[in-house]
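Next come the chains, spelled out residue by residue.
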Amino acid sequence: MTDRRAGRISFDAVAEQYGAARPEYPPELFDTVVEITGITTDSRLLEMGPGTGIATRVMAERGFHITAIELGDHMAAVARRNLAEFPNVEIVVGDFETWDPGERAPFDLIYAATAFHWVDPARRYTRVAELVRPGGHLAIWTATHVFPEPGDPFFYEIQDVYDTLGDALPEGALWNKPGELPDEWGDELRASGVFDDVQYHQFAWVVDYDVEAYIALLDSFSVNLLRPPDEKAYLYGEIRRRVAARDDKLLHRGWGAPLHIARLK
(Lines give C-alpha, C1' and ligand atoms only; values in the text may rest on other atoms or scores of the structure.)
Protein backbone atom coordinates (compact mmCIF):
# COMPACT_ATOMS: atom_id res chain seq x y z
CA MET A 1 0.00 0.00 0.00
CA THR A 2 1.39 3.40 -0.97
CA ASP A 3 1.86 6.11 1.65
CA ARG A 4 -0.81 8.18 -0.10
CA ARG A 5 -3.39 5.40 -0.03
CA ALA A 6 -2.45 4.45 3.54
CA GLY A 7 -3.11 8.00 4.62
CA ARG A 8 -6.39 8.17 2.72
CA ILE A 9 -7.78 4.96 4.15
CA SER A 10 -6.44 5.46 7.70
CA PHE A 11 -9.40 7.70 8.55
CA ASP A 12 -11.91 4.93 7.90
CA ALA A 13 -10.97 3.09 11.11
CA VAL A 14 -11.89 6.13 13.22
CA ALA A 15 -14.90 7.37 11.30
CA GLU A 16 -17.02 8.18 14.36
CA GLN A 17 -14.18 10.01 16.08
CA TYR A 18 -13.29 11.88 12.91
CA GLY A 19 -16.82 13.22 12.53
CA ALA A 20 -16.98 14.34 16.14
CA ALA A 21 -13.52 15.95 16.25
CA ARG A 22 -13.09 17.81 12.98
CA PRO A 23 -14.23 21.46 12.87
CA GLU A 24 -17.08 22.86 10.84
CA TYR A 25 -16.20 25.38 8.16
CA PRO A 26 -17.41 29.01 8.34
CA PRO A 27 -20.66 29.83 6.53
CA GLU A 28 -18.91 32.60 4.60
CA LEU A 29 -16.84 29.98 2.79
CA PHE A 30 -19.94 28.29 1.41
CA ASP A 31 -21.47 31.67 0.53
CA THR A 32 -18.37 32.40 -1.55
CA VAL A 33 -18.52 29.04 -3.35
CA VAL A 34 -22.17 29.54 -4.27
CA GLU A 35 -21.69 33.15 -5.38
CA ILE A 36 -18.65 32.54 -7.60
CA THR A 37 -19.80 29.27 -9.17
CA GLY A 38 -23.38 30.40 -9.70
CA ILE A 39 -24.76 26.99 -8.76
CA THR A 40 -28.48 26.62 -8.12
CA THR A 41 -30.63 23.86 -6.65
CA ASP A 42 -30.95 22.51 -10.21
CA SER A 43 -27.16 22.04 -10.45
CA ARG A 44 -25.38 18.70 -10.18
CA LEU A 45 -22.71 18.61 -7.45
CA LEU A 46 -20.04 16.00 -6.80
CA GLU A 47 -18.26 16.03 -3.45
CA MET A 48 -14.91 14.29 -3.35
CA GLY A 49 -14.06 12.62 -0.02
CA PRO A 50 -17.00 13.75 2.15
CA GLY A 51 -15.80 11.83 5.19
CA THR A 52 -18.69 11.82 7.65
CA GLY A 53 -20.49 14.64 5.84
CA ILE A 54 -19.34 17.81 7.60
CA ALA A 55 -19.31 19.96 4.46
CA THR A 56 -21.98 17.86 2.76
CA ARG A 57 -24.56 18.81 5.37
CA VAL A 58 -24.06 22.53 4.80
CA MET A 59 -24.58 22.19 1.07
CA ALA A 60 -27.52 19.83 1.56
CA GLU A 61 -29.20 22.29 3.91
CA ARG A 62 -28.98 24.85 1.11
CA GLY A 63 -31.00 22.54 -1.11
CA PHE A 64 -28.28 21.31 -3.46
CA HIS A 65 -28.34 17.87 -5.09
CA ILE A 66 -25.11 16.13 -4.16
CA THR A 67 -23.39 12.91 -5.10
CA ALA A 68 -20.58 12.30 -2.61
CA ILE A 69 -17.90 9.71 -3.33
CA GLU A 70 -16.10 8.29 -0.31
CA LEU A 71 -13.26 5.75 -0.31
CA GLY A 72 -13.95 4.26 3.13
CA ASP A 73 -16.89 1.97 3.87
CA HIS A 74 -17.13 3.07 7.52
CA MET A 75 -16.91 6.74 6.66
CA ALA A 76 -19.64 6.30 4.06
CA ALA A 77 -21.87 4.48 6.54
CA VAL A 78 -21.52 7.28 9.10
CA ALA A 79 -22.15 9.89 6.41
CA ARG A 80 -25.31 8.11 5.27
CA ARG A 81 -26.57 8.06 8.86
CA ASN A 82 -25.68 11.71 9.45
CA LEU A 83 -27.35 12.80 6.21
CA ALA A 84 -30.35 10.46 6.22
CA GLU A 85 -32.77 13.39 6.40
CA PHE A 86 -31.60 14.71 3.02
CA PRO A 87 -33.06 12.85 0.02
CA ASN A 88 -31.00 15.15 -2.22
CA VAL A 89 -27.73 13.50 -1.06
CA GLU A 90 -26.32 10.22 -2.42
CA ILE A 91 -23.25 8.67 -0.76
CA VAL A 92 -21.34 6.22 -2.95
CA VAL A 93 -18.27 4.17 -2.04
CA GLY A 94 -15.49 4.32 -4.57
CA ASP A 95 -12.20 5.75 -5.69
CA PHE A 96 -12.52 9.17 -7.31
CA GLU A 97 -9.84 8.37 -9.87
CA THR A 98 -11.64 5.32 -11.30
CA TRP A 99 -15.31 5.64 -10.33
CA ASP A 100 -17.89 5.45 -13.13
CA PRO A 101 -20.52 8.17 -12.57
CA GLY A 102 -22.90 6.81 -15.20
CA GLU A 103 -25.70 9.25 -15.99
CA ARG A 104 -24.86 11.46 -12.99
CA ALA A 105 -22.23 13.32 -15.03
CA PRO A 106 -21.46 15.89 -16.20
CA PHE A 107 -21.37 17.86 -12.97
CA ASP A 108 -21.63 21.62 -12.56
CA LEU A 109 -19.34 21.64 -9.54
CA ILE A 110 -16.87 19.26 -7.97
CA TYR A 111 -15.82 20.30 -4.47
CA ALA A 112 -13.50 18.81 -1.89
CA ALA A 113 -13.17 19.81 1.76
CA THR A 114 -9.74 18.80 3.08
CA ALA A 115 -9.59 15.92 0.61
CA PHE A 116 -8.15 17.03 -2.74
CA HIS A 117 -4.53 16.52 -1.67
CA TRP A 118 -5.20 12.76 -1.43
CA VAL A 119 -6.04 12.47 -5.14
CA ASP A 120 -3.35 11.01 -7.41
CA PRO A 121 -1.39 14.04 -8.72
CA ALA A 122 -1.12 12.42 -12.14
CA ARG A 123 -4.92 12.22 -12.43
CA ARG A 124 -6.25 15.19 -10.48
CA TYR A 125 -7.06 17.57 -13.27
CA THR A 126 -7.70 15.23 -16.16
CA ARG A 127 -10.23 13.46 -13.96
CA VAL A 128 -11.94 16.72 -13.04
CA ALA A 129 -12.10 17.62 -16.74
CA GLU A 130 -13.74 14.26 -17.48
CA LEU A 131 -16.49 14.84 -14.93
CA VAL A 132 -17.27 18.58 -15.05
CA ARG A 133 -19.03 20.35 -17.90
CA PRO A 134 -17.23 23.17 -19.73
CA GLY A 135 -17.75 26.34 -17.70
CA GLY A 136 -18.33 24.33 -14.54
CA HIS A 137 -16.14 24.64 -11.48
CA LEU A 138 -13.79 22.92 -9.08
CA ALA A 139 -13.73 24.23 -5.48
CA ILE A 140 -11.14 22.93 -3.03
CA TRP A 141 -10.34 23.99 0.49
CA THR A 142 -8.66 22.72 3.63
CA ALA A 143 -8.72 23.45 7.35
CA THR A 144 -5.26 24.25 8.67
CA HIS A 145 -3.63 25.70 11.76
CA VAL A 146 -3.15 29.47 11.90
CA PHE A 147 -1.74 31.59 14.70
CA PRO A 148 -3.62 34.78 15.57
CA GLU A 149 -1.96 37.59 17.48
CA PRO A 150 -2.32 37.55 20.39
CA GLY A 151 -2.89 33.82 20.34
CA ASP A 152 -2.63 30.83 22.62
CA PRO A 153 1.09 30.27 23.39
CA PHE A 154 0.57 26.55 23.97
CA PHE A 155 1.04 25.71 20.30
CA TYR A 156 4.48 27.32 20.24
CA GLU A 157 5.47 25.81 23.58
CA ILE A 158 4.56 22.22 22.64
CA GLN A 159 6.84 22.25 19.58
CA ASP A 160 9.76 20.89 21.65
CA VAL A 161 7.80 17.65 22.11
CA TYR A 162 7.34 17.32 18.36
CA ASP A 163 11.05 18.05 17.93
CA THR A 164 11.83 15.12 20.25
CA LEU A 165 9.63 12.88 18.11
CA GLY A 166 11.47 13.88 14.95
CA ASP A 167 8.71 16.21 13.79
CA ALA A 168 10.78 19.38 13.88
CA LEU A 169 9.58 22.15 11.64
CA PRO A 170 11.68 22.61 8.51
CA GLU A 171 14.07 25.52 8.42
CA GLY A 172 12.24 28.70 7.51
CA ALA A 173 8.79 27.28 8.35
CA LEU A 174 6.23 30.00 9.01
CA TRP A 175 3.69 30.29 11.80
CA ASN A 176 1.03 31.58 9.44
CA LYS A 177 -1.32 34.26 10.70
CA PRO A 178 -4.98 34.43 9.65
CA GLY A 179 -5.23 35.81 6.14
CA GLU A 180 -1.57 35.05 5.40
CA LEU A 181 -1.78 31.45 4.22
CA PRO A 182 0.31 30.83 1.11
CA ASP A 183 -1.42 30.08 -2.18
CA GLU A 184 -0.30 26.45 -2.45
CA TRP A 185 -2.58 25.33 -5.29
CA GLY A 186 -2.92 28.35 -7.55
CA ASP A 187 0.14 27.79 -9.74
CA GLU A 188 -0.65 24.10 -10.19
CA LEU A 189 -4.29 24.78 -11.04
CA ARG A 190 -3.28 27.34 -13.68
CA ALA A 191 -0.51 25.16 -15.10
CA SER A 192 -2.87 22.19 -15.53
CA GLY A 193 -4.31 23.71 -18.70
CA VAL A 194 -7.82 22.70 -17.60
CA PHE A 195 -9.03 26.03 -16.19
CA ASP A 196 -9.45 29.55 -17.53
CA ASP A 197 -10.01 31.32 -14.21
CA VAL A 198 -8.65 30.57 -10.72
CA GLN A 199 -9.63 32.54 -7.61
CA TYR A 200 -8.17 32.37 -4.11
CA HIS A 201 -9.89 33.32 -0.84
CA GLN A 202 -9.12 32.79 2.85
CA PHE A 203 -11.23 32.41 5.97
CA ALA A 204 -10.28 32.24 9.65
CA TRP A 205 -11.92 31.29 12.93
CA VAL A 206 -11.02 30.02 16.43
CA VAL A 207 -12.23 26.87 18.20
CA ASP A 208 -11.83 26.30 21.95
CA TYR A 209 -10.97 22.76 23.12
CA ASP A 210 -10.65 21.10 26.47
CA VAL A 211 -7.66 18.78 26.56
CA GLU A 212 -9.53 15.58 25.71
CA ALA A 213 -11.34 17.21 22.82
CA TYR A 214 -8.03 18.50 21.52
CA ILE A 215 -6.42 15.07 21.75
CA ALA A 216 -9.43 13.61 19.93
CA LEU A 217 -8.81 16.18 17.19
CA LEU A 218 -5.13 15.20 16.96
CA ASP A 219 -6.12 11.55 16.82
CA SER A 220 -8.17 12.25 13.69
CA PHE A 221 -5.08 13.31 11.68
CA SER A 222 -3.35 10.71 9.52
CA VAL A 223 0.09 11.59 10.93
CA ASN A 224 -1.09 10.51 14.38
CA LEU A 225 -3.25 7.62 13.21
CA LEU A 226 -0.08 6.15 11.72
CA ARG A 227 2.21 7.19 14.60
CA PRO A 228 3.75 4.37 16.70
CA PRO A 229 1.83 3.80 19.97
CA ASP A 230 4.75 4.73 22.24
CA GLU A 231 5.25 8.04 20.44
CA LYS A 232 1.55 8.78 20.58
CA ALA A 233 1.44 8.02 24.32
CA TYR A 234 4.36 10.38 24.95
CA LEU A 235 2.85 13.19 22.86
CA TYR A 236 -0.61 12.98 24.38
CA GLY A 237 0.80 12.55 27.88
CA GLU A 238 2.82 15.76 27.51
CA ILE A 239 -0.21 17.63 26.22
CA ARG A 240 -2.30 16.52 29.19
CA ARG A 241 0.45 17.37 31.65
CA ARG A 242 1.08 20.83 30.27
CA VAL A 243 -2.58 21.77 29.99
CA ALA A 244 -3.15 20.62 33.58
CA ALA A 245 -0.42 23.06 34.67
CA ARG A 246 -2.11 26.03 32.95
CA ASP A 247 -4.50 28.47 34.58
CA ASP A 248 -6.61 28.39 31.42
CA LYS A 249 -7.65 24.77 30.87
CA LEU A 250 -8.94 25.43 27.35
CA LEU A 251 -6.80 25.46 24.23
CA HIS A 252 -7.71 28.14 21.71
CA ARG A 253 -6.77 26.86 18.26
CA GLY A 254 -6.82 29.17 15.27
CA TRP A 255 -8.11 27.67 12.05
CA GLY A 256 -7.65 28.91 8.52
CA ALA A 257 -9.35 27.73 5.34
CA PRO A 258 -7.65 28.54 2.02
CA LEU A 259 -10.23 28.22 -0.76
CA HIS A 260 -9.53 27.87 -4.48
CA ILE A 261 -12.29 28.07 -7.06
CA ALA A 262 -11.35 27.25 -10.65
CA ARG A 263 -13.56 27.45 -13.75
CA LEU A 264 -13.17 24.85 -16.48
CA LYS A 265 -12.49 25.94 -20.02
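Residues numbered from 1 in each chain as written. Predicted model: local features only at pLDDT ≥ 70, side-chain atom pairs only at ≥ 80, totals over all residues. Heavy atoms only, no water.

## Some words on the overall build of the protein chain
Okay, so step 1: A tally of helices and strands in the protein chain yields twelve helices and eight strands.
Okay, so step 2: A compact globule built from 265 residues should have a C-alpha radius of gyration of about 18 Å, and the protein chain, at 19 Å, falls within 12% of that.
Okay, so step 3: Seen through its principal axes, the protein chain has C-alpha atoms that stretch 55 × 35 × 35 Å.
Okay, so step 4: In the protein chain, which comprises 265 residues, the share counted as buried stands at 51%.
Okay, so step 5: Of the contacts formed within the protein chain by residues at least 6 apart in sequence, a portion of 77% connects residues at least 24 apart.
Okay, so step 6: Surface accessibility of the protein chain: about 12,600 Å² in total, with carbon and sulfur atoms responsible for 51%. (Helix = DSSP H or I, 4+ residues; strand = E, 2+ residues; numbered from the N terminus. Rg over C-alpha atoms; globule rule 2.2 N^0.38 Å. Buried < 20%, exposed > 50% of the residue type's maximum accessible area, 1.4 Å probe, protein only. Contact = heavy atoms within 4.5 Å. Areas by Shrake-Rupley, 256 points an atom, 1.4 Å probe, with all protein chains shown as cover.)

## As for the packing of helix H10 (residues 211-218) against helix H12 (residues 229-244)
Okay, so step 1: In the contact formed by H10 and H12, the axes pass within 10 Å of each other and the chain directions differ by 155°. Comparing the axis directions of H10 and H12 gives the class roughly antiparallel. Our pair here, H10 against H12, has a crossing hand that is right-handed. Of the residues in H12, those touching H10 at Val-211, Glu-212, Tyr-214, Ile-215 and Leu-218 are Tyr-236, Ile-239, Arg-240 and Val-243.
Okay, so step 2: By residue class, the composition of the contact of H10 with H12 is seven nonpolar, no polar and two charged. (Axes fitted to C-alpha atoms, helices over the stretch in contact; angles between N-to-C directions. Parallel < 35°, antiparallel > 145°, perpendicular 65-115°, else oblique. Left-handed = near helix turned anticlockwise from the far one by under 90°. Nonpolar A, V, L, I, M, F, W, Y, C, P; charged D, E, K, R; others polar.)

## Observations regarding the environment of Glu-231
Okay, so step 1: Its place among the elements puts Glu-231 in helix H12.
Okay, so step 2: Along the primary structure Glu-231 and Thr-164 are separated by 67 residues, whereas in three dimensions their C-alpha atoms are 9.7 Å apart.
Okay, so step 3: A polar contact is formed between the side chain of Glu-231 and the side chain of Arg-227, at a distance of 3.5 Å. (Polar contact = N/O pair within 3.5 Å; in protein donor to acceptor, adjacent residues only side chain to side chain.)

## A closer look at the packing of aromatic side chains
Okay, so step 1: By the definition in use, this model includes 16 aromatic pairs.
Okay, so step 2: Residues Phe-116 and Tyr-125 carry aromatic rings whose centres are separated by 5.8 Å and whose planes lie at 50° to one another, so their mutual orientation is tilted.
Okay, so step 3: A residue is classified by how much of its surface remains accessible, and Phe-116, at 3% relative accessible area, is buried.
Okay, so step 4: Tyr-125 sits in the buried class, given a relative accessible area of 9%.
Okay, so step 5: Plain terms: the ring middles of Tyr-125 and Phe-195 are 6.0 Å apart, the flat faces sit at 90° to each other, and that makes the pair edge-to-face. Taken together, the residues Tyr-125 in helix H6 (residues 124-131) and Phe-195 in strand E7 (residues 195-209) connect sequence positions 70 residues apart. Neither residue differs from the other here; Tyr-125 and Phe-195 are each classed as buried.
Okay, so step 6: Taken together through their ring pairs, the aromatic side chains of Tyr-25, Phe-30, Tyr-111 and Trp-141 make up a single cluster. (Phe/Tyr/Trp six-rings, centres within 6.5 Å; stacked < 30°, edge-to-face > 60°.)

## With respect to the pattern of salt bridges
Okay, so step 1: Counted by the stated rule, this structure contains 18 salt bridges.
Okay, so step 2: Of the charged contacts in the structure, one is a salt bridge between Lys-232 and Asp-219, with a shortest N-O distance of 3.2 Å. Taken together, the residues span a long stretch of sequence, with Lys-232 in helix H12 and Asp-219 in the loop between H10 and helix H11 (222-225) at a distance of 13 residues.
Okay, so step 3: Taking the relative accessible area as the measure of exposure, Lys-232 reaches 18% and is therefore buried.
Okay, so step 4: On the basis of relative accessible area, Asp-219 is assigned to the buried category, the value being 17%.
Okay, so step 5: Each of Asp-160, Glu-238, Arg-241 and Arg-242 takes part in salt bridges that share partners, so that together they form one network. (Salt bridge = Lys/Arg side-chain N within 4 Å of Asp/Glu carboxyl O.)

## Examining the nonpolar core
Okay, so step 1: Grouped together as the largest cluster of nonpolar side chains are 50 residues, with contacts concentrated most on Met-59, Ile-66, Trp-141, Tyr-214 and Ile-239.
Okay, so step 2: Counting 25 residues, the second-largest nonpolar core is a separate cluster that includes Trp-99, Ile-110, Val-119 and Ala-262. (Core = buried A, V, L, I, M, F, W, Y, C linked by side-chain atoms within 4.5 Å.)

## Digging into empty space enclosed by the protein
Okay, so step 1: The tally for this structure, following the rule as stated, stands at two cavities of 30 Å³ or more.
Okay, so step 2: Each pocket or cavity is described by its volume, and for the second largest cavity that value is around 40 Å³.
Okay, so step 3: Surrounding the second largest cavity, Val-146, Phe-147, Pro-148, Gly-151, Asp-152, Phe-155, Tyr-156, His-252 and Gly-254 form its lining.
Okay, so step 4: Contributing elements (two or more residues each) for the lining of the second largest cavity: helix H7 (154-157) and strand E8 (251-264).
Okay, so step 5: The residue makeup of the lining of the second largest cavity, split by class, is five nonpolar, three polar and one charged. (1 Å grid on protein atoms, 1.4 Å probe; cavity = no way out; pocket = protein on both sides within 12 Å on 5 of 7 lines; lining within 4 Å. Points joined across faces, edges and corners; volume = space filled by probe spheres on them.)

## Here's the deal with H12
Okay, so step 1: Its 16 residues place the ends of H12 22 Å apart at the C-alpha level, agreeing with the 22 Å of an ideal helix rising 1.5 Å per residue.
Okay, so step 2: When H12 is considered as a whole, its buried residues turn out to be Lys-232, Leu-235, Tyr-236, Glu-238, Ile-239, Arg-242 and Val-243. The arc that holds every buried residue of H12, seen down its axis, measures 155°, which confines them to one face. Seen from the open side of H12, the exposed residues pointing more than 90 degrees away from its buried face are Pro-229, Asp-230, Ala-233 and Ala-244.
Okay, so step 3: Buried-residue contacts for H12 involve H7, helix H8 (159-164), H10, H11 and E8. (Expected span 1.5 Å × (residues − 1). Arc of directions from axis to C-beta.)

Scope: geometric values only; no functional claims are made or implied.
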